[in-house]
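Remarks on the overall topology
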Amino acid sequence: MGEATAKLNYLRMSAFKVRMVAAIIKGRPVAEAIGILDATPRRASKPLKKLLKSAVANASENHDLDADTLVVKNIQVDEGPTLKRWMPRAMGRATPIRKRTSKITIVVAEKE
């Protein structure tokens, strides 16, 4: 049984928000997962769909796997580095702004 992966680093989106969408498609067949991502209104669905298609392309081109029999075996969403910025506030103060990033790894494998 073969499997293929695809990775996306430094996505400018919080890992918490990406995990909400990633949990929906984990363990599903690829065609069904792409349909779910098309119908999901969250902003994280677009980069996840692109990454899933990349994993399927890796599976068929590099590992000679049949794209019709693939399932989403695992999705791992980790926090990437946080960009630290400052917002000026009243009376000369400043408050921090944390622009979070995430790292995503998708593993697709043939149906068991």
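This text goes with the structure placed above it.
In this text, all values refer to a predicted model and were calculated from it rather than measured experimentally. (Residues numbered from 1 in each chain as written. Predicted model: local features only at pLDDT ≥ 70, side-chain atom pairs only at ≥ 80, totals over all residues. Heavy atoms only, no water.)

What about the pairing of strand β4 (residues 94-99)?
As judged from the six bridges shared by strand β3 (residues 83-88) and β4, these two strands associate in the antiparallel manner. Counted as the bridge partner of K84 is R98 from β4. Where β3 hands over to β4, the hairpin turn is made up of five residues, of which M91 adopts a positive phi near 60°. (Pairing = 2+ DSSP bridges. Helix = DSSP H or I, 4+ residues; strand = E, 2+ residues; numbered from the N terminus.)

Quick notes on the nonpolar core
Ranked by size, the top nonpolar core spans 29 residues in total, and within it V18, L48, L52, I75, I104, I106 and V108 carry the most contacts. Within the residue set of this core, elements represented by two or more residues are β1 (3-11), α1 (15-25), α2 (30-39), α3 (45-62), β2 (70-79) and β5 (102-110). In terms of residue count, the dominant contributor to this core is α3 (six residues). (Core = buried A, V, L, I, M, F, W, Y, C linked by side-chain atoms within 4.5 Å. Buried < 20%, exposed > 50% of the residue type's maximum accessible area, 1.4 Å probe, protein only.)

Looking at the packing of α1 against α2
Packing of α1 against α2 brings their axes to within 9 Å, and their N-to-C directions diverge by 140°. When the axes of α1 and α2 are compared, the pair comes out oblique. Note on packing geometry: the crossing formed by α1 with α2 is right-handed. Residues V21, I24 and I25 of α1 lie in contact with α2, whose contacting residues are A33, I36 and L37. When its residues are assigned to classes, the contact of α1 with α2 shows six nonpolar, no polar and no charged. (Axes fitted to C-alpha atoms, helices over the stretch in contact; angles between N-to-C directions. Parallel < 35°, antiparallel > 145°, perpendicular 65-115°, else oblique. Left-handed = near helix turned anticlockwise from the far one by under 90°. Contact = heavy atoms within 4.5 Å. Nonpolar A, V, L, I, M, F, W, Y, C, P; charged D, E, K, R; others polar.)

Some words on the environment of L37
Among the structural elements, L37 can be located in helix α2. Distance in space between the C-alpha atoms of L37 and R89 is 39 Å, their sequence separation being 52 residues. Ignoring any residue separated from it by four or fewer positions in sequence, one finds L37 in contact with V21, I25, S45, L48, K49 and L52.

Side note on the pattern of salt bridges
Here the structure, examined in full by the defined rule, presents three salt bridges. The residue K73 makes a salt bridge to E3 at a minimum N-O spacing of 2.6 Å. Taken as a pair, K73 in strand β2 and E3 in strand β1 lie far apart in primary sequence, 70 residues in all. For D38, the salt bridge goes to K49, with nearest N and O atoms at 2.5 Å. Residue D38 is located in helix α2, and its partner K49 is located in helix α3; the two are separated by 11 residues in the primary sequence. K49 gets classed as partly exposed once you look at its relative accessible area, which sits at 22%. (Salt bridge = Lys/Arg side-chain N within 4 Å of Asp/Glu carboxyl O.)

Looking at unusual backbone geometry
You will see that Y10, though not glycine, has its phi angle at about 60°, which is positive. Of note, Y10 is situated in strand β1. The phi angle at D64 is positive, at roughly 55°, despite the residue not being glycine. Residue D64 is classed as exposed on the basis of its relative accessible area, which comes to 69%.

This is a description of form; function is not addressed.
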